Amino acid sequence: MHSIEKNLAQIRLQIEQAASEYNRDSHNISLLAVSKKKLPADLRNAYSCGQRDFGENFLQEAQAKMRDLSDLDIIWHFIGPVQSNKTRALAESFDWVHCVDRLKIARRLSDQRPESMPPLNICIQVNIDLETSKSGVAPDGIVAIAEAICNLPKIRLRGLMAIPAQQSRFELQREPFAKMRQALHDLQQRGLDCDTLSMGMSHDMRAAIAEGSTLVRIGTAIFGERL
Ligand SMILES: *Cc1c(COP(=O)(O)O)cnc(C)c1O
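Now for a look at the structure at hand. Numbering of residues starts from 1 in each chain and follows the order in which that chain's sequence is written. Residues qualify for local features only when their pLDDT is at least 70, as the model is predicted, and side-chain atom pairs are given and counted only at 80 or more; totals for whole chains, interfaces and linings, by contrast, use all residues. Note: side-chain values were computed over all heavy atoms of the structure, leaving out hydrogens and water.

### Points about the pattern of salt bridges
Thought 1: The salt bridge definition used is simple: a Lys or Arg side-chain nitrogen within 4 Å of an Asp or Glu carboxyl oxygen. Taken as a whole, this structure holds ten salt bridges when the rule is applied.
Thought 2: Across the pair glutamate 211 and arginine 181 runs a salt bridge whose closest N-O atoms are separated by 3.3 Å. Of this pair, glutamate 211 sits in the loop between helix 8 (205–210) and strand 8 (215–218) while arginine 181 sits in helix 7 (residues 170–189), and the two are 30 residues apart along the sequence.
Thought 3: Classification of glutamate 211 as buried rests on a relative accessible area of 9%. Think of it this way: any DSSP run of H or I at least four residues long counts as a helix, any run of E at least two long counts as a strand, and we number them from the N terminus. Three labels apply to residues, based on accessible area from a 1.4 Å probe with only protein chains included: buried if under 20% of the type maximum, exposed if over 50%, partly exposed otherwise in between.

Listed below in C-alpha cells is the structure:
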C-alpha cells in the first residue's frame, strides 16, 4: 500500500477511535487534508483514496494545484492568513476560508464572491491562548465580529477556528479546545447558525475531538514531513 493510502486509513481509524472514546458521532468530524508544499500527484493520490477536502496555505501554490487538478471534484479550503489584496482570488476560487479575523476581510470576501457561486463558508480565527505571535480575534471579541459577519450576504459563517499554543500533555491540549467549544456554544445560544469547530492538527487531534472538533486539519500525518 502507498504510504498516503496507509496514512489516511490510519487517521480515519484514529478519528473513529477518538469519536467513540468521547461519545461523538464520527460523521460529524470531517478530515481536511492539509496539502501545503505537497505535489499535485500527492493530492491526486489522496483523492483516489476518497479524500475530498484539501487545505492550502498559500494562494499562488493553491491556484497552480487547482489548475492541475481541475478534473477532480475537490472542496478547497484556504487555511493561511488572509491579506486584503488576496481576498478577490480567494472569493473566486475557494469553498472555505478558515482564518478570517477582521470584519474588513469578511466584507471584502462577501463583496467579491461571484453572484453565481454559493456563499463562501468562513470560520473566524480565534487567538485562543492570546499569543502575541498569532493572529486571530481575542475570545472577548468573537461575538461582535460573528454578529456583523452574519449580516453579509455572500459569506456564510460556519464557526470558529484556532491553532492553540503547542502542548505535549493531553490534558493541557484540551484546555484551549474546551474554551473554543464554549465560544461556539455561546454563538449558538445567541441564535447564530454555526456548526463548525475547525481545530486539531497532527499532534493534537485527539484532544480536539474530545472537545468537540468538527473538522480536523491534518498535514504531516497524511503526507509526511514538509521540506
Ligand atoms: C500546516 C497546517 C496544518 C497541518 O499541520 P500538521 O501538523 O502538518 O498536521 C493545520 N492547520 C493549519 C492552519 C496549518 O497551517
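### Comments concerning the site of the ligand
Thought 1: Taken together, 13 residues sit near the ligand, with Lys36, Asn57, Ser202, Thr220 and Arg226 positioned nearest.
Thought 2: In protein, a polar contact requires one atom able to donate a hydrogen and another able to accept it; more generally it is a pair of N or O atoms within 3.5 Å, and residues adjacent in sequence count only if both atoms are side-chain atoms. Between the ligand and the protein, one listed contact pairs an oxygen atom with a side-chain N or O atom of lysine 36 at 2.7 Å.
Thought 3: Contact distances for the ligand include 2.5 Å between an oxygen atom and a side-chain N or O atom of serine 202.
Thought 4: Only the protein chains shown count as covering a residue, and every accessible area follows the Shrake-Rupley method with a 1.4 Å probe. Contact with the protein chains covers 90% of the free accessible surface of the ligand, which is 390 Å².
Thought 5: In this analysis, the protein atoms alone were mapped onto a 1 Å grid. Cavities are point sets where a 1.4 Å probe fits without being able to get out; pockets are open sets with protein on both sides within 12 Å along at least five of seven lines; lining residues have an atom within 4 Å of a point. Those molecules having more than half of their atoms within 2 Å of a cavity or pocket grid point set are described as sitting in that cavity or pocket. The cavity where the ligand resides is the largest pocket. A cutoff of 4 Å decides nearness: a residue is near a molecule or strand if any of its heavy atoms lies inside that distance of it.

### Quick word on unusual backbone geometry
Thought 1: The residue asparagine 23 is not glycine, and still its phi comes out positive at about 55 degrees.
Thought 2: Position of asparagine 23 among the secondary structure elements: in the loop between helix 1 (3–21) and strand 1 (30–34).
Thought 3: Classification of asparagine 23 as exposed rests on a relative accessible area of 74%.

### Overview of the pairing of strand 5 (residues 120–125)
Thought 1: Of all six residues in strand 5, six are buried; the element is thus mostly enclosed.
Thought 2: Here strand 5 shows no split at all, with Leu120, Ile122 and Ile124 on one side and Asn121, Cys123 and Gln125 on the other all buried.
Thought 3: As paired elements, strand 5 and strand 6 (residues 155–161) share six bridges and run parallel to each other. Looking at strand 6, one finds that isoleucine 124 is bridged to leucine 160.
Thought 4: In this fold, strand 5 hands off to helix 6 (residues 142–149), which returns the chain to strand 6; that crossover is right-handed. Pairing between strands is defined by DSSP: at least two bridges between them are needed. We call a crossover right-handed when, viewed with the strands running away from us, the connection from the first strand over the helix to the second turns clockwise.

### Observations concerning the layout of surface pockets
A water-sized probe, rolled over the atoms, reveals where empty space remains.
Thought 1: Estimates place the volume of the largest pocket at around 330 Å³.
Thought 2: Taken together, 19 residues line the largest pocket, and the ones lying closest to its centre are Lys36, Asn57, Ile163, Met201 and Arg217.
Thought 3: Only Asp, Glu, Lys and Arg are considered charged, only Ala, Val, Leu, Ile, Met, Phe, Trp, Tyr, Cys and Pro nonpolar, and every remaining residue, Gly among them, polar. Classifying every residue of the lining of the largest pocket gives seven nonpolar, eight polar and four charged. Grid points are joined across faces, edges and corners, and a volume is the space filled by probe spheres set on the points.

### Here we look at the pairing of strand 3 (residues 75–78)
Thought 1: Two elements, strand 2 (residues 53–56) and strand 3, share four bridges in a ladder whose sense is parallel. Within strand 3, the residue paired with glutamate 56 across the bridge is phenylalanine 78.
Thought 2: A crossover connection joins strand 2 to the parallel strand 3 through helix 3 (residues 59–68); in handedness this β-α-β unit is right-handed.
Thought 3: By the bridge criterion, two bridges tie strand 3 to strand 4 (residues 96–100) in an arrangement that is parallel. Directly across from phenylalanine 78, in strand 4, lies its bridge partner valine 97.

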